[in-house]
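Summary of the model geometry
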Amino acid sequence: MKDSLYFIALLAPDDVSAEITAFKQHIAYNFNSSKALRVMPHIILLPPFKLSTLKHEGLNRWFLNASVSVSPFTIKLNGFGSFNNSKNPVIYVTPEEVEELRLLQKELFNSFRTNYPEIKAILNFNPHMTIAYRDLSREDYEKAWLYYKDKAYAAGFAVNEVWLLQHNGKQWIPITRKQLNSTS
């Protein structure tokens, strides 16, 4: 019985995705950190979890049928942030706080926890779009953060869907799309 790795996220549209990817490429070229280039720009709503491949269809059904009351909304990206922990520093694009995003994450998390109690899902939610992590050394983090901490960046995009992604052994693949409630 093989396990698959999944996560649930908002994916940026092509234009914003290209801008975020350009930041990732800049960091790879100038600060020796390229791991973030392996993942499309996203905001994680439910962090990676393992599930038996035998439960794949059930997971898809749960995801499509999960009760979500949030209507489409807009995410605004504004500047950069970082998690400066000693083990793995992270640099990211910062989404502005919006209640719909918090509610969407909470509803998906609670539904997931109810349907998959055996999986220890983490509730800690700190929305961000990673541009550097894992292979970013402490020294290169300090240099990159000096460059990005006061750099201006603003963008926005409409959120009308959520994605379930699966890791295929090499990269994350969006496999199932769930439309947000547009009847409000």
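Let me sum up the structure you'll find in this document. Because the structure is predicted, anything quoted here is derived from the model rather than measured.

The rules behind each value
Residues numbered from 1 in each chain as written. Predicted model: local features only at pLDDT ≥ 70, side-chain atom pairs only at ≥ 80, totals over all residues. Heavy atoms only, no water. 1 Å grid on protein atoms, 1.4 Å probe; cavity = no way out; pocket = protein on both sides within 12 Å on 5 of 7 lines; lining within 4 Å. Points joined across faces, edges and corners; volume = space filled by probe spheres on them. Helix = DSSP H or I, 4+ residues; strand = E, 2+ residues; numbered from the N terminus. Nonpolar A, V, L, I, M, F, W, Y, C, P; charged D, E, K, R; others polar. Buried < 20%, exposed > 50% of the residue type's maximum accessible area, 1.4 Å probe, protein only. Polar contact = N/O pair within 3.5 Å; in protein donor to acceptor, adjacent residues only side chain to side chain. Contact = heavy atoms within 4.5 Å. Pairing = 2+ DSSP bridges. Axes fitted to C-alpha atoms, helices over the stretch in contact; angles between N-to-C directions. Expected span 1.5 Å × (residues − 1). Arc of directions from axis to C-beta. Phe/Tyr/Trp six-rings, centres within 6.5 Å; stacked < 30°, edge-to-face > 60°.

What about the layout of surface pockets?
Looking at the largest pocket, its volume works out to about 1100 Å³. If you trace the largest pocket, you find 34 residues lining it, with Ile 44, Pro 48, His 128, Tyr 133 and Arg 134 closest to the centre. Sorting elements by how many residues they give to the lining of the largest pocket places strand S2 (residues 42–52) first, with 6 residues. Of the residues belonging to the lining of the largest pocket, the class tally is 19 nonpolar, 10 polar and 5 charged.

Looking at the side chain of Ser 4
Assignment of secondary structure puts Ser 4 in strand S1 (residues 3–11). Looking at Ser 4, the relative accessible area reads 6%, which means it is buried. Of note is the side chain of Ser 4, whose polar atom sits 3.0 Å from the side chain of Gln 166. The contacts of Ser 4, once residues within four sequence positions are left out, are Phe 49, Lys 50, Leu 51, Thr 53 and Gln 166.

Remarks on the sheet that holds S1
With antiparallel pairing, 4 strands are arranged side by side in an open sheet as S2-S1-S7-S8. If you trace the sheet from one side to the other, it starts and ends with S2 and strand S8 (172–179), each paired once. Going from strand to strand, the sheet's axes swing by 25° on average, the running direction of each strand aside. As paired strands, S1 and strand S7 (residues 161–167) are joined by 4 bridges and run antiparallel to one another.

Things to note about helix H1 (residues 14–31)
The end-to-end C-alpha distance of H1 is 25 Å, a good match for the 26 Å that 18 residues give at a rise of 1.5 Å each. Buried within H1 are the following residues: Val 16, Ser 17, Ile 20, Phe 23, Lys 24, Ile 27 and Phe 31. Along H1, the residues classed as buried sweep out an arc of 120° about the axis, all on the same side. Along H1, the residues that are exposed and aim more than 90 degrees away from the buried face are Asp 14, Asp 15 and Tyr 29. Of the surrounding elements, those touching the buried residues of H1 are strand S3 (73–83), strand S4 (90–95), strand S5 (129–132), helix H4 (138–148) and strand S6 (154–159).

Side note on H4
Listed as buried for H4 are Asp 140, Tyr 141, Ala 144 and Tyr 148. Down the axis of H4, the buried side of the element spans an arc of 105°, and every buried residue falls inside it. Among the exposed residues of H4, those oriented more than 90 degrees off its buried face are Glu 139 and Leu 146. Packing partners of the buried residues in H4 comprise H1, S3, S4 and S5.

With respect to the packing of aromatic side chains
All told, the structure shown has 15 aromatic pairs when counted by the stated rule. Relative to Tyr 116, the ring of Trp 62 lies with its centre 6.1 Å away and its plane at 85°, an arrangement referred to as edge-to-face. With a gap of 54 residues between them, Trp 62 in helix H2 (residues 56–65) and Tyr 116 in the loop between helix H3 (99–115) and S5 connect regions that are remote in the sequence. With a relative accessible area of 7%, Trp 62 lands in the buried category.

Quick notes on the pairing of S3
Taken together, the 6 bridges between S3 and S6 define a ladder with antiparallel strand orientation. Looking at the pairing, Ile 75 lines up with Phe 157 of S6.

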